[in-house]
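Structural characterization, general
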Amino acid sequence: MLWRIAFGLLITLESFGAILTGWVKEVLIEPRFTFTFIGFEWLQPLPGHGMYLYYGLMGVSGMAIMIGFRYRISMIVFALLWTGSYLMQKSAYNNHYYLLCLLSWIMVFLPAAKDLSWDALKSKKRSNQMPYWVLILMVSQIWIVFTYATLAKLYPDWLDGSVIALFMEGKKDYPIIGPWLQNQILQKILIWGGIFFDALIVPGLLWRRTRMVAFILSLVFHLFNSIVFQIGIFPYMSIAFAFLFFAPEVLRKNFSWVINRFEDRLHSENGVDAEKSSQLSGPTAKPSCEKHWIPALIICYLVVQILLPLRHNLIQDSVLWTEEGHRMSWRMMLRARKGITSFYIMEHGTGVKSVYPLRELVTQKQLKMLSAHPDFIWQMAQKIKAIEAAEGREVAVYVRSRVSINGREYAPFIDPDVNLAEEPWDPWRHHRWILPSPF
């Protein structure tokens, strides 16, 4: 229940914050079109200022989730809207947005409003018991994320410090801390600290003897990330995960002001006996599982979550170069990509190529992603083909692209002799028009 309150508060701040900071305007309103996840091209932002209402509704849903008002309906509304927003644009892709999608749909099915909620005030079925399957599902999902984040860092560019140095170079103008972030000793600490933190934080929180130390380290680690990398609500959501690990009596002691206030409201609203209420208060875990299909469903879900991040190993060449299999695999804060890309069109029958004016179609943010990511390049080729076809011209689309990974020299990225307008896209295989990795 405490996790639900924290979750609702954070998604409320995320939704309204996206409006107030200009993120919605920059990413969803200003572009002529958005680069969706491939297969979801039909899912485009609402016209005009509709996306402000869209995110406003998400914020209202977040508040309803926080107070537990019509919890199931509010959670479904938020999960649908957030998933829609996630799929309709990837210019601002973030692994944390994907995690929030997963958590939102998990939360739809959790009995998270049985206590400390508006729904509980109006219900005679108040319960503070949390089935063990809830704890297993949530902790397993978190553990998967941090485990793959650990494994992904075990590659040369992270271990030799080249990646972290590039990240910190962009922070050198930060007030006070900027110069400190350029210190190589601090960067070494961050390199190995990131690996060991991701690997050990979940076991540390699970073991009672190390739980408080792990929680303090979690506070330091995630607050540092929030200040330095400014990655939205994720650091605070990661801190809030601690609600799932601490014993019920510890939570009751430290959050008694929340529980007692709710009990007082319950007494005044429903006339519940105080002694009976005190027996109910304080979350506990219920070992039994009344619905026997739940464990099987959880196992199937977790198997998918374990296997999906491994798919890039079945695709030819390095994922660091091709990006094939990168998304939804928890490869967080791992590389810096830069590209120089030009598009050319050739009308059938003429044999004459001409440069296509991209600046008229995309924003600066989109152009940055387009220049270095193959799926963006492929989608742009399809968009150009469609635009020209609408004008009555049948064209081939060719690309010249050079990409730099983690500060290396620029290398040819796309085969300039392949007509991308006629190439299919397959998320499960390598695309031959991506040139071989130079490293």
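As a reminder, the structure under discussion sits directly above these lines.
Everything numeric in this text was worked out from a predicted model, so none of it was measured.

So, the overall build of the protein chain
Assigned secondary structure in the protein chain consists of 19 helices and six strands. Taking 2.2 N^0.38 as the reference for a compact globule, 439 residues should give roughly 22 Å; the C-alpha atoms of the protein chain span a radius of gyration of 25 Å, in line with that estimate. Over its C-alpha atoms, taken along the principal directions, the protein chain stretches across nearly 85 × 50 × 45 Å. Looking at the protein chain residue by residue over its 439 residues, the buried ones come to 51%. If you take every contact in the protein chain between residues at least 6 apart in sequence, the share linking residues at least 24 apart comes to 71%. Accessible area for the protein chain stands at about 21,900 Å²; split by element, carbon and sulfur atoms hold 64% of it.

Topic: unusual backbone geometry
For Ile-176, which is not a glycine, the phi torsion comes out positive at approximately 65°. Examined against the element boundaries, Ile-176 turns out to sit in the loop between α9 (162-169) and α10 (184-206). Overall, the relative accessible area of 74% leaves Ile-176 in the exposed class. The backbone of Asp-317 sits at a positive phi, close to 75°, despite the residue not being glycine.

Quick word on the packing of aromatic side chains
Taken as a whole and assessed by the stated rule, the structure comprises 25 aromatic pairs. An angle of 80° between the planes, with centres 6.5 Å apart, marks the rings of Phe-167 and Phe-229 as edge-to-face. Of the two residues, Phe-167 is situated in helix α9 and Phe-229 in helix α11 (residues 211-229); the sequence distance between them amounts to 62 residues. The buried category is assigned to Phe-229, whose relative accessible area is 15%.

Some words on α10
Along its 23 residues, α10 runs 33 Å from first to last C-alpha, staying within 8% of the 33 Å computed at 1.5 Å per residue. When the local axis directions of α10 are compared, the greatest deviation, roughly 45°, occurs at Leu-200, which is followed within four positions by the proline Pro-203. Of the surrounding secondary structure, the elements contacted by the buried residues of α10 are α7 (132-152), α8 (156-159), α9 and α11. The opening residue of α10, the one whose side-chain oxygen lies 2.8 Å from the backbone nitrogen of Ile-185, is Asn-183.

Topic: the pairing of strand β6 (residues 411-414)
Summarising the sheet, strand β5 (residues 395-405) and β6 pair through three bridges and their orientation is antiparallel. Bridged to Val-403 within β6 is Ala-411. The hairpin formed by β5 and β6 contains five residues between the paired strands, and Asn-406 there has a positive phi angle of roughly 55°.

Quick word on the pairing of strand β3 (residues 337-347)
Pairing geometry for β3 and β5, over eleven bridges, is antiparallel. For Arg-337, the partnering residue across the bridge sits in β5 and is Ile-405. Note: β3 against strand β4 (residues 353-355), three bridges, orientation antiparallel. Bridged to Tyr-344 within β4 is Val-355. The hairpin formed by β3 and β4 contains five residues between the paired strands, and Gly-349 there has a positive phi angle of roughly 95°.

Regarding a nonpolar patch on the surface
A grouping of Ile-299, Val-303, Ile-306, Leu-307 and Leu-310 is seen on the molecular surface, where their side chains present a nonpolar patch of about 430 Å² in accessible area. For Ile-306, the location among the structural elements is in helix α16 (residues 293-307).

A few points about α9
Those residues of α9 that sit buried are Val-163, Ile-164, Phe-167 and Met-168. One side of α9 carries all its buried residues, which in axial view fall inside an arc of 125°. Each element contacted by the buried residues of α9 is listed here: α8, α10 and α11.

Thresholds applied
- For every chain, the first residue of the written sequence is number 1, and numbering continues from 1 along that sequence.
- Only residues with pLDDT of at least 70 are given local features in this predicted model, and only at 80 or more are side-chain atom pairs given and counted; all residues enter the totals for whole chains, interfaces and linings.
- Values shown for side chains rest on all heavy atoms present in the structure; no hydrogens or waters enter the calculation.
- A run of H or I in DSSP becomes a helix once it reaches four residues, and a run of E becomes a strand once it reaches two; helices and strands are each numbered from the N terminus.
- Only the C-alpha atoms count toward the radius of gyration. The rule for a globule is 2.2 Å times the residue count to the power 0.38.
- The classification of residues rests on relative accessible area computed with a 1.4 Å probe and restricted to protein chains. Under 20% of the type maximum is buried, over 50% is exposed, and intermediate values are partly exposed.
- Should any heavy atoms of two residues lie within 4.5 Å, those residues are considered in contact.
- Note on areas: Shrake-Rupley, 1.4 Å probe, and residue coverage restricted to the protein chains presented here.
- The pairing test for Phe, Tyr and Trp rings, Trp by its six-membered ring, is centres within 6.5 Å, and the orientation test on the planes gives stacked under 30 degrees, edge-to-face over 60, and tilted for anything in between.
- What a helix is expected to span follows from its residue count: subtract one and scale by 1.5 Å.
- Throughout, bend refers to the angle between the axes fitted to the seven residues that end at a position and the seven residues that start at it.
- Pairs of N or O atoms are called polar contacts if they sit within 3.5 Å, as long as, within protein, a hydrogen donor faces a hydrogen acceptor (for residues adjacent in sequence, only side-chain-to-side-chain pairs).
- Whether two strands pair depends on DSSP finding at least two bridges between them.
- Grouping into patches uses exposed residues only, defined as over 30% relative accessible area, and leaves out salt-bridged ones; the cut-off is 9 Å for like charges and 5 Å for nonpolar side chains (Val, Leu, Ile, Met, Phe, Trp, Tyr).
- By definition here, a salt bridge exists when the distance from a side-chain nitrogen of Lys or Arg to a carboxyl oxygen of Asp or Glu is within 4 Å.
- The arc in question is the one traced by the directions running from the helix axis out to the C-beta atoms.

Read these as spatial facts, not as claims about activity.
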